[in-house]
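Residue-level structure breakdown
Each chain is listed here by its residues.
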Amino acid sequence: MLIGSDNEIAMTQEMRIGIDGMTCASCVARVEHAIARNPGVESAVVNLAAGTAVVRFDRIAVPELLDAVRGAGYEPLIESVAIGVGGMTCASCVARVERAIQALPGVIAATVNLSTESAAIEFLPATVSQERIAQAIRQAGYEPAAPDRAPDAERTRQAGELASLRRDLFIAVLLTLPLVVISMAPMVWHGLDALMLGLAPRALWHWLECALATPVLFWAGRRFLRRGWVELRHLSPGMDSLVTLGSGAAYLYSLLALIRPQWFPAGTANLYFEAAAVIVTLILFGRYLESLAKGRTSEAIRRLVGLQPKTAHVLGPEGESEIPVAAVVPGDLILVRPGERLPVDGTVTEGTSYVDESMISGEPVPVHKRPGDAVIGGTVNQTGAFRYQATRVGADTVLAQIIRLVEDAQAGKPPIQRVADQIAAVFVPVVIAVAAVTFLSWLWLGPTPALSFAFVAAVSVLLIACPCAMGLATPTAIMVATGRGAAMGILFRRGAALETLAQIDILVLDKTGTLTEGRPTLTELSAHGMSESEALALAAAVERHSEHPIASAIVAATHTRGLVLEEAEAIEALPGFGIQARVGVQAVAVGARRLMERLAVPMDAAAEIAERLASDGMTPIYVAADGRLIAVLAVTDPLKPNSREAIARLRGLGVEVAMVTGDGQRTAEAVARQLGIARVMAEVLPADKAAEVRRLQGEGGRVAFVGDGINDAPALAQADVGIAIGTGTDIAVEAGEVILMQGDLMAAVDALILARRTLRTIRVNFFWAYAYNVALIPLAAGVFYPLTGWLLNPMLAAAAMSVSSLFVVTNSLRLRRFRSHARTPALHCH
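Residues numbered from 1 in each chain as written. Predicted model: local features only at pLDDT ≥ 70, side-chain atom pairs only at ≥ 80, totals over all residues. Heavy atoms only, no water.

The protein is annotated in an unreviewed UniProt entry as P-type Cu(2+) transporter from Thiocystis violascens. The annotation that UniProt attaches to the protein under Sequence similarities (unreviewed entry) is "Belongs to the cation transport ATPase (P-type) (TC 3.A.3) family. Type IB subfamily." Here is the UniProt Catalytic activity (unreviewed entry) comment for the protein, exactly as written: "Cu(2+)(in) + ATP + H2O = Cu(2+)(out) + ADP + phosphate + H(+)". (UniProt positions renumbered as here; feature names shortened; annotations may be inferred.)

1. Description of the overall build of the protein
Helix and strand content of the protein: 29 helices and 31 strands. By residue count, 54% of the 830 residues in the protein fall in the buried class. Contacts in the protein between residues at least 24 apart in sequence constitute 69% of all its contacts with a sequence separation of at least 6. In the form shown here, the protein has an accessible surface area of approximately 34,800 Å², with 58% of it arising from carbon and sulfur atoms. (Helix = DSSP H or I, 4+ residues; strand = E, 2+ residues; numbered from the N terminus. Buried < 20%, exposed > 50% of the residue type's maximum accessible area, 1.4 Å probe, protein only. Contact = heavy atoms within 4.5 Å. Areas by Shrake-Rupley, 256 points an atom, 1.4 Å probe, with all protein chains shown as cover.)

2. Thoughts on the packing of helix α23 (residues 643-652) against helix α27 (residues 746-781)
Put simply, α23 and α27 touch, their axes get as near as 8 Å, and they point 20° apart. Comparing the axis directions of α23 and α27 gives the class roughly parallel. Two packed elements cross with a definite hand, and for α23 against α27 that hand is left-handed. Of the residues in α27, those touching α23 at E645, A646, R649 and L650 are M746, V749 and L752. (Axes fitted to C-alpha atoms, helices over the stretch in contact; angles between N-to-C directions. Parallel < 35°, antiparallel > 145°, perpendicular 65-115°, else oblique. Left-handed = near helix turned anticlockwise from the far one by under 90°.)

3. Let's talk about the sheet that holds strand β14 (residues 353-356)
Taken together, the 3 strands give an open sheet; going across it, the order is β15-β14-β17, and neighbouring strands pair in antiparallel fashion. Here the strands that pair on one side only, and so sit at the sheet edges, are β15 (367-369) and β17 (380-381). Sheet topology note: the β14/β15 ladder contains 3 bridges and is antiparallel. Pairing of Y354 across the sheet is with H368, part of β15. (Pairing = 2+ DSSP bridges.)

4. What to know about helix α8 (residues 222-233)
The terminal C-alpha atoms of α8 lie 16 Å apart, and with 12 residues this matches the ideal 16 Å at 1.5 Å per residue to within 8%. Inspection of α8 places R222, R223, F224, L225, R227, G228, V230 and E231 among the buried residues, and these make up the whole buried set. Positive phi appears at L235, one or two residues downstream of α8, with a value of about 55°. (Expected span 1.5 Å × (residues − 1).)

5. A look at helix α19 (residues 532-543)
For α19, built from 12 residues, the straight-helix expectation of 16 Å at 1.5 Å per residue is met to within 8% by its first-to-last C-alpha distance of 16 Å. Most of α19 sits inside the fold, with 9 of its 12 residues counted as buried. Along α19, the positions that sit buried rather than exposed are A535, L536, A537, L538, A539, A540, A541, V542 and E543.

6. Re the sheet that holds strand β30 (residues 721-725)
Spatial ordering of the open sheet is given by β19-β31-β30-β29-β20-β27-β28, a layout of 7 strands whose pairing is mixed. In the strand order of this sheet, the two ends are held by β19 (490-492) and β28 (679-681), each with one partner. Within this sheet the neighbouring strands show an average axis-to-axis angle of 20°, counted without direction. Alignment of β19 against strand β31 (residues 738-740), held across 3 bridges, turns out to be antiparallel.

7. With respect to the packing of aromatic side chains
Per the stated rule, a full pass over the model turns up 7 aromatic pairs. Arranged with centres 5.6 Å apart and planes meeting at 70°, the rings of Y251 and F273 form a pair that is edge-to-face. Of the two residues, Y251 is situated in helix α9 (residues 239-259) and F273 in helix α10 (residues 273-297); the sequence distance between them amounts to 22 residues. Relative to Y388, the ring of F386 has its centre 6.0 Å away and its plane inclined at 45°; by these criteria the two rings are tilted. The pair formed by F386 and Y388 is uniform in burial state, with each residue classed as buried. Joined through ring pairs, the aromatic side chains of F218, Y251 and F273 make up one cluster. In this structure, R594 is placed above the aromatic ring of F577, and the distance from its NZ or CZ to the ring centre is 5.8 Å. (Phe/Tyr/Trp six-rings, centres within 6.5 Å; stacked < 30°, edge-to-face > 60°. Lys NZ or Arg CZ within 6 Å of the ring centre and 35° of its normal.)

8. Some points on the packing of helix α15 (residues 450-464) against α27
At a minimum axis separation of 8 Å, α15 and α27 run at an interaxial angle of 170°. The angle between the axes of α15 and α27 places the two elements in the roughly antiparallel class. Contacts from A457, S460, V461 and I464 in α15 reach N773, L776, I777, A780 and A781 in α27. Residues of the contact of α15 with α27, tallied by class, amount to 7 nonpolar, 2 polar and no charged. (Nonpolar A, V, L, I, M, F, W, Y, C, P; charged D, E, K, R; others polar.)

9. Details of the pattern of salt bridges
Enumeration according to the criterion identifies 18 salt bridges in this entry. The closest approach of N and O atoms between E567 and R544, which form a salt bridge, is 3.0 Å. With a gap of 23 residues between them, E567 in the loop between α20 (549-561) and β22 (568-574) and R544 in the loop between α19 and α20 connect regions that are remote in the sequence. One salt-bridge network, in which partners are shared between bridges, spans E656, R679, E692, R695 and E699. (Salt bridge = Lys/Arg side-chain N within 4 Å of Asp/Glu carboxyl O.)

10. Brief notes about the UniProt feature "transmembrane region" (unreviewed entry) in the protein
The sites that UniProt annotates as "transmembrane region" (unreviewed entry) are residues 169-192, 204-221, 242-259, 271-289, 423-445, 451-474, 766-785 and 791-813. End-to-end, the C-alpha atoms of residues 271-289 are 30 Å apart, and along that stretch the chain is 89% helix and 0% strand.

11. A few points about the pairing of strand β12 (residues 333-336)
As paired elements, strand β10 (residues 311-316) and β12 share 3 bridges and run antiparallel to each other. From the neighbouring strand, H313 faces β12, where its bridge partner is L335. Of the strand pairs in this sheet, β12 and strand β18 (residues 386-392) are connected by 4 bridges, and their pairing is antiparallel. Along β18, the bridge assignment pairs L335 with R387.

12. Regarding the environment of I323
For I323, the position within the fold is in strand β11 (residues 319-324). Excluding its chain neighbours within four sequence positions, the residues that come into contact with I323 are K310, T311, A312, V314 and V328.

13. Thoughts on a nonpolar patch on the surface
A cluster of nonpolar side chains, contributed by V783, F784 and W790, occupies part of the molecular surface with about 320 Å² of accessible area. Mapping W790 onto the fold places it in the loop between α28 (785-788) and α29 (794-813). (Patch = residues over 30% accessible without salt bridge, like charges linked within 9 Å, V, L, I, M, F, W, Y side chains within 5 Å.)

This is the structure:
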């Protein structure tokens, strides 16, 4: 069976698909017909009892097959799993593991991340199991491991890996140092050569070199040899293949020169045991430093996981009991004392306190909590004890959702990484070819002894071009950036959102709740033909059936005045226009000017008042009864304190800022003038916001949309990148790819700057990884030897390769120092 990059399968195969929702024989017939009519499907047999479809096909795209099931009205059963993959070292390893997994029938998608050492896989559980996927990874030459979110388990795994590297490095250094002294020192100090020959014949010293180099290569360097052999056996060479070929060639050349010197031309039976040992030692040292640094890239996610308390104090009929957090269920009453972390999400029922929510919002100021307020698991209770009722537990808590979002973002691949993977897939074979050409060229054209020159140059080429740095360039930067963003209250659903956000040209802002507080207040009332109280009571009787913020402002005003409201009937909400109902015997309508025009209500008497209100940035709301205008209300939604500064900063970053609102043109322009926004889209219905975004995209720019993630969901989805302003407790329902956990628009500025800095870091990483390797290949090949006499020693080539990987990781770690450009640095992840 063959699977291409689009999951297209060739040759006759059989696949099982679990199907949810079938209840009768007609369901079976419908599903069978939907699948069978796809080109390439030979047969489809659906089993109602088992809830599966057995499909035989010769060529079909798996996503199309699943779409056919969905089109019939049923849901194919798909599972997602993250499997740890040990032993990966470079981009070639990533590509090989992905190919091995995607070659399995039933695998829909597989994305492998080098930094997290994991594979995120979507598959059909009825066709392929997790155990079969793990077996495929093992057959590809790597070690699968079930991921464990427990911070202790993760630290234990990393500590074990570091301990293994440290032990092997110690052995390698212990044996390599005397080897280098024996082989190299006599060249520098001729007296030592005579002294050594006085102690033992030269042949014995040569055999001692072999004895010292052998355990370095075959024990300390066994990880490179084992993986390199697997790569070569699968005709998919990677970093370990190059190390294996380079160090292995040096060792075998030396061994043959020691055992059968007569096989070599005169002057070429040289020993390179010290080169083989130093190569392994230097690469082990680089790998050890790299592992230390890579461990720090996932520090943010470990801190988040570490915020989850182990136990909860639950109050029951028998009193207080301490139980594991996993045993808490919604509805449990939980007691929290000062200084304790909240175990799960819930609602305060008794007591007051201040809670540090900086791990969610990035804001350092504790939030006052009283009965009825929502609280979030993982946050820290500060001053008082209180009781709260659990509402969301386990994977449903906000903290669990944040961890899942960060993990998903770190596992994903932005477009720039996919291009890098394609380059890396051909880079190593090209390097091997260049090394072969280098060897033959020196053998043909090189000076005497040509074989020695050819060997040194070819081995140097193999070692200098290892693609380890290429595979680390993107995932390390994405891991650090998404973790840092999470600590600041900025969540990226996908790593690709970082790249897209960094390249936006236009930022479209919804007005209500984004630029403004979203809590409008009634500031003026002008009645016509009745008293202000009567007009306000009629409007509020209708508006109290609406959830719009303006409706809340009108109803709140009646409470302040102590008005009694009548019951409304025949209520009809008109999104984007207003609301109408019957109050007593009167037909009352409350809404925007376009509602009055739609109902043909004369508005001449209110024209002057409405124009003045709009010019002052207020939103005029009209109230009509029985087709007659009875009042004009002025509602003001105050701007958020930092909105003006945020707009100025966005413009300073070269981003065009536009505002979209349902307000009238005059009101919208007045607000835009206060904020310094030049582009205004007014009188836009909620359903038309996505069309406005599409229109801007049609002008050729990349568009980001910032909204509250509820009414703005279509626009958020339409934009190149949607930025949803969350409340800190609603992240699961947001539609954006970027989620701001606090309502401050300055967080959008931080997100943009972080995204740009991340993309710049990735580009620097790639430049260093590629340009460094490519630039040094000619030096390693000896191109400059005729002019300068320079010929790179294989030991220096190995050291240079390790430096490139270390630079990429440490350059990415600089993103950990990213600080808010708008707020005082917050306290995060205590």
